[in-house]
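Per-entry structural report
This is what each chain is made of:
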Amino acid sequence: MIDRQQFNDMYSQLDRENVVELIDIFLAEYEEQCSRVRRHVEEKNLLLLRESAHKLKGALLLFMDPVSIQLSKRLVEMARNGSESGIADLYEELEKKIAILVEELMVIRKELIS
């Protein structure tokens, strides 16, 4: 879940249009990013997983969702450490949290444009 206080603090200096644009970019790109991470998990390609999970983590950092951020950090670290055990379960959990994040972002976007 998004920490709305941190989110509001972070974006208080931006106008609504810029925040909506950041949300729109994430919404347009997250499925492809997740698909790439999922593929690397399934292939057990830890080198590419580390890179793709790191990029996803960077996108998540923009939206103050501490659980998703923490899960993505763990995924990056597991890939960096060469640990395959539990990585698929961790990614499944991350996917579920991202789905919740997406719903929250759509609500925030709607609030910002109304």
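Cut-offs and rules
Residues numbered from 1 in each chain as written. Predicted model: local features only at pLDDT ≥ 70, side-chain atom pairs only at ≥ 80, totals over all residues. Heavy atoms only, no water. Helix = DSSP H or I, 4+ residues; strand = E, 2+ residues; numbered from the N terminus. Buried < 20%, exposed > 50% of the residue type's maximum accessible area, 1.4 Å probe, protein only. Contact = heavy atoms within 4.5 Å. Expected span 1.5 Å × (residues − 1). Salt bridge = Lys/Arg side-chain N within 4 Å of Asp/Glu carboxyl O. Axes fitted to C-alpha atoms, helices over the stretch in contact; angles between N-to-C directions. Parallel < 35°, antiparallel > 145°, perpendicular 65-115°, else oblique. Left-handed = near helix turned anticlockwise from the far one by under 90°. Nonpolar A, V, L, I, M, F, W, Y, C, P; charged D, E, K, R; others polar.

As for unusual backbone geometry
Its identity as a non-glycine residue notwithstanding, Lys44 has a phi of 55°, on the positive side. Its location among the elements puts Lys44 in the loop between α2 (16-43) and α3 (46-61). At Met64, a position not held by glycine, the phi torsion is positive, near 50°. Tracing the backbone through its elements, the reader meets Met64 in the loop between α3 and α4 (66-80). Residue classification places Met64 among the buried residues on the basis of a relative accessible area of 15%.

Regarding the environment of Leu60
One can find Leu60 in helix α3. Placed 25 residues apart in sequence, Leu60 and Ser85 show a C-alpha to C-alpha distance of 24 Å. When residues no more than four places from it in sequence are discounted, the contact partners of Leu60 are Phe26, Ser68, Ile69, Ser72, Leu94, Ile98 and Leu101.

Some remarks on α4
For α4, built from 15 residues, the straight-helix expectation of 21 Å at 1.5 Å per residue is met to within 8% by its first-to-last C-alpha distance of 21 Å. Among the residues of α4, Ser68, Ile69, Leu71, Ser72, Leu75, Val76, Met78 and Ala79 are the ones counted as buried. Gly82 lies just past α4 and shows a positive phi near 75°.

What about helix α5 (residues 87-113)?
With 27 residues, α5 extends 38 Å from end C-alpha to end C-alpha; this agrees with the ideal 39 Å at 1.5 Å per step. Along α5, the positions that sit buried rather than exposed are Ile87, Leu90, Tyr91, Leu94, Ile98, Leu101, Val102, Glu104, Leu105, Ile108 and Leu112. The inward-facing, buried residues of α5 abut α1 (4-10), α2, α3 and α4.

Some words on the pattern of salt bridges
Throughout the structure, instances matching the rule amount to four salt bridges. Arg4 is paired through a salt bridge with Glu111; the nearest N and O atoms lie 2.9 Å apart. Of this pair, Arg4 sits in helix α1 while Glu111 sits in helix α5, and the two are 107 residues apart along the sequence. Classification of Arg4 by relative accessible area gives partly exposed; the value is 34%. Residue Glu111 is classed as partly exposed on the basis of its relative accessible area, which comes to 39%.

Remarks on the packing of α3 against α5
To characterise two packed helices, one gives the angle between the axes of the helices and the distance between these axes. Where α3 meets α5, the axes come as close as 13 Å, and the angle between the chain directions of the two elements is 25°. Between α3 and α5, the angle is such that the two are roughly parallel. Like other packed secondary-structure pairs, α3 and α5 cross with a definite hand, here left-handed. Every residue of α5 that contacts α3 at Leu46, Leu49, Leu56 and Leu60 is listed here: Ile87, Leu94, Ile98 and Leu101. For the contact of α3 with α5, the per-class residue count stands at eight nonpolar, no polar and no charged.

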